[in-house]
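Residue strings, one per chain:
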Amino acid sequence: MFRTCDITGFKVDRKVEPLIKANAVVAVVSLLLGVTGALLLVLTRWQVVHLLLPDWYYRMLTFHGLNALVFWIVFFEIAGLYFGSTIILNCKMSTPGVGWFAFILTILGFGLVNYAVLAGKADVLFTSYVPLRAEPVYYLGIILFAVGALIACFLFLANLKKAKQEKTYEGSLPLFTYGLLAACIIAILTIATGAIIYIPTLLWSLGYIKSLNPAMYKLVFWGFGHSSQQINVTAMISIWYLGAFLTVGGTSINEKVSRIAFMLYIIGINVASAHHILSDPGVGTEFKIFNTSYIMYIAVLASLIHAFAVPSAIESAQRRRGFTKGLFDWLINAPWGNPAFSAVLLGMLGFGFIGGVTGVINGMEQTNTIIHNTLSLPGHFKGTVVIGTTLTFMGAAYYIVPLVFRKKIAFFKLAQLQPWIFAGGVALLSSSMYILGAFGIPRRHYDITFTGSAFTHTFNPATDLFWVLFAIGGILAVTGALIWIIIIVVSVFFGKSLTGPQDMQLAVASPAPEAKEHKGLEAPGTLVLSILFMVVFLTFIALNYGWLTAMWEVK
């Protein structure tokens, strides 16, 4: 049974809607748990407050990492996979019953993992490095969740096959769905890697295997741990393209190049995970250099292509609508009152200028020496997964609420401010963490004053300022996240029903007018922004090499 959306004109399979809603709702619950953990961690790492006791600090690190980095994002992505392979393609869900089975598995895994962590049975952090050992229930939960997510990936592929056979769309896959296909392929490879390491770890926890090699565990784990974040990046960029189309009618000025960039992710991302083991003595230098100096840049090139393609799509559409004065008239007159648009643009800027730049530095064997195992590492994560992926997903939800849940967005004026509050807070938090790491602040240490230790160490007094900025940024980011959660929960469960297009608060743009013949560049403003990015990028690389030379005095 289909219903025809009176806003987009898409045919919507009524059997897939409940699946999308269920996964989206659990995603929001997961984010709430992750945000709660984040607030407690901010108020603990800031030594002035130092809220949690040591055991609960490490417990909350595990709790926050899993809920914010895994559960929130994967549940949202599953909803996106179903949306992109059915509604966008005017296609029925291939096997809804299997979708519900996958959902039950992911819910069971989600529940078991959170129970194990909060009960003190899994104080092993997100990485769960051997020889740290959790109770078997923890590893079982991870495996159940991964199997459910893997089934959802194969369902996505089955939906694509069904749509192709039934010819529910013309030509190539829409770019948004094509990007999701790339994310799905990366996900299958990633989950397979996770199975390779988590199944023997479960057997080790049960006592069936006597020991696991820590170096082997870490090597294989990062094929899962890092690549899982690249699923997020690929899904995030797919939403950027969709957001450009929905908000201003923008399409990539060269779709073939954009599609090639998604293919480059598939080729380079998993192998480039080696940059997490650059300080490990058990891995050869040749392997490290090959993966981080060659393979990694395949993925970096893909990101640079998307970084130009998405804003240029927006600029081109805006210019065709008449915003042609100077370099940035298109940007000044963009629909900033649309929270989905501001979320996408701020997510792109944060991901590029904070997450992207620091990520390349972290992945270079030489400069990695400066920040390895310092607070800079999670500072980088905040610039990618939080200001990039999470903010982008938040923006997408502003369209999901009216189009899928058929509800008006509650507190719309507040919704227009929410992306700015969240992005500003995360940007301040991430930058402060990265700078603190450059001063040598350790990544996970509970007490940087080393109270009661046999030795003392005093960090540079400048760190006091950045700890304050860290706390302000963290509290702002949590506030922005909680505002979003309240808006979504009130809208979905208590909001006014959407009766038709007249109730739609976010415009769904019509395709931009056909481009007229003109001289010069189609997106000059984007080119200037790209040059600015490269200047910042190269400057930061030069600074890091300068700091590297100052680390040790060689006599």
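Residues numbered from 1 in each chain as written. Predicted model: local features only at pLDDT ≥ 70, side-chain atom pairs only at ≥ 80, totals over all residues. Heavy atoms only, no water.

A closer look at the overall build of the chain
Right, on to step 1. Looking only at helices and strands, the chain has 15 helices and two strands in total.
Right, on to step 2. Its C-alpha atoms give the chain a radius of gyration of 23 Å, within 12% of the compact-globule value 24 Å for 555 residues.
Right, on to step 3. Taking the principal axes of its C-alpha atoms as reference, the chain extends roughly 70 × 55 × 45 Å.
Right, on to step 4. Per-residue burial over the chain gives 57% buried out of 555 residues.
Right, on to step 5. Of the charged side chains in the chain, 34 are positive and 22 negative; the average position of the first set lies 7 Å away from that of the second. (Helix = DSSP H or I, 4+ residues; strand = E, 2+ residues; numbered from the N terminus. Rg over C-alpha atoms; globule rule 2.2 N^0.38 Å. Buried < 20%, exposed > 50% of the residue type's maximum accessible area, 1.4 Å probe, protein only. Lys, Arg positive; Asp, Glu negative; His and termini not counted. Charge placed at Lys NZ, Arg CZ, Asp CG, Glu CD.)

Focus: the packing of helix α5 (residues 175-206) against helix α7 (residues 255-268)
Right, on to step 1. Orientation of α5 relative to α7, taken along the N-to-C sense of each, is 10°, at an axis distance of 9 Å. Viewed along their axes, α5 and α7 adopt a mutual orientation that is roughly parallel. Contacts between α5 and α7 involve Leu175, Tyr178, Gly179, Ala182, Ile185 and Ile186 from the first element and Glu255, Ser258, Arg259, Phe262, Met263, Tyr265 and Ile266 from the second.
Right, on to step 2. Grouping the constituent residues of the contact of α5 with α7 by class yields nine nonpolar, two polar and two charged. (Axes fitted to C-alpha atoms, helices over the stretch in contact; angles between N-to-C directions. Parallel < 35°, antiparallel > 145°, perpendicular 65-115°, else oblique. Contact = heavy atoms within 4.5 Å. Nonpolar A, V, L, I, M, F, W, Y, C, P; charged D, E, K, R; others polar.)

Some words on helix α2 (residues 54-87)
Right, on to step 1. For α2, with 34 residues, the first-to-last C-alpha span of 48 Å sits near the 50 Å given by 1.5 Å per residue.
Right, on to step 2. The largest bend along α2 measures about 35° and falls at Asn67.
Right, on to step 3. Counting buried residues in α2 gives 29 out of 34 residues, a clear majority hidden from the surface. (Expected span 1.5 Å × (residues − 1). Bend = angle between axes of the 7 residues up to and from the residue.)

A closer look at the packing of aromatic side chains
Aromatic ring pairs are reported here in terms of the distance separating the ring centres and the angle at which the planes meet.
Right, on to step 1. Counted according to the given criterion, the structure contains 33 aromatic pairs.
Right, on to step 2. Aromatic side chains Tyr198 and Phe221 sit 6.5 Å apart centroid to centroid with 75° between the ring planes, which places their arrangement in the edge-to-face category. Here Phe221 lies in helix α6 (residues 214-248) and Tyr198 lies in helix α5, a separation of 23 residues in the sequence.
Right, on to step 3. The class for Tyr198 is buried, based on a relative accessible area of 3%.
Right, on to step 4. Aromatic side chains Tyr434 and Phe540 sit 5.9 Å apart centroid to centroid with 50° between the ring planes, which places their arrangement in the tilted category. Linking Tyr434 in helix α13 (residues 412-438) with Phe540 in helix α15 (residues 524-549), this pair joins segments that are 106 residues apart in sequence.
Right, on to step 5. The structure contains a cluster of three or more aromatic residues connected by ring pairs, namely Phe126, Tyr129, Tyr138, Tyr139, Tyr198, Tyr217, Phe221, Trp222 and Phe224.
Right, on to step 6. Above the plane of the ring of Phe2 lies Lys11, whose end atom (NZ or CZ) is 4.6 Å from the centre.
Right, on to step 7. Arg59 extends its terminal NZ or CZ atom over the ring of Trp56, reaching a point 4.7 Å from the ring centre. (Phe/Tyr/Trp six-rings, centres within 6.5 Å; stacked < 30°, edge-to-face > 60°. Lys NZ or Arg CZ within 6 Å of the ring centre and 35° of its normal.)

Regarding a nonpolar patch on the surface
Right, on to step 1. Taken together, the side chains of Ile199, Leu203, Leu206 and Tyr208 define a hydrophobic patch exposed on the protein surface, amounting to about 410 Å² of accessible area.
Right, on to step 2. Here Leu203 lies in helix α5. (Patch = residues over 30% accessible without salt bridge, like charges linked within 9 Å, V, L, I, M, F, W, Y side chains within 5 Å. Areas by Shrake-Rupley, 256 points an atom, 1.4 Å probe, with all protein chains shown as cover. Salt bridge = Lys/Arg side-chain N within 4 Å of Asp/Glu carboxyl O.)

What to know about the packing of helix α1 (residues 17-45) against α2
Right, on to step 1. Running from N to C, α1 and α2 point in directions that differ by 155°, and their axes come no closer than 7 Å. Considered as vectors, α1 and α2 are oriented roughly antiparallel to each other. α2 is crossed by α1, and the crossing has left-handed handedness. (Left-handed = near helix turned anticlockwise from the far one by under 90°.)

With respect to the nonpolar core
Right, on to step 1. Counting residues in each nonpolar core, the largest one holds 158 residues, and the members touching the most others are Leu66, Tyr82, Tyr138, Tyr198, Tyr265 and Trp484.
Right, on to step 2. Considering each element in turn, this core owes the most residues, 18 residues, to α2.
Right, on to step 3. Setting aside chain neighbours within four positions, we find Tyr198 in contact with Phe126, Ser128, Tyr139, Ile142, Ile143, Tyr217, Phe221 and Phe224.
Right, on to step 4. Ranked by size, the runner-up nonpolar core spans 15 residues in total, among them Met296, Met364, Phe537 and Phe540. (Core = buried A, V, L, I, M, F, W, Y, C linked by side-chain atoms within 4.5 Å.)

Let's talk about helix α8 (residues 285-320)
Right, on to step 1. Spanning 36 residues, α8 covers 51 Å between terminal C-alpha atoms, matching the ideal 52 Å at 1.5 Å per step.
Right, on to step 2. Roughly 40° is the biggest bend found in α8, and it falls at Tyr297.
Right, on to step 3. Where α8 ends, the next residue or the one after it, Gly322, has phi of about 110°, a positive value.

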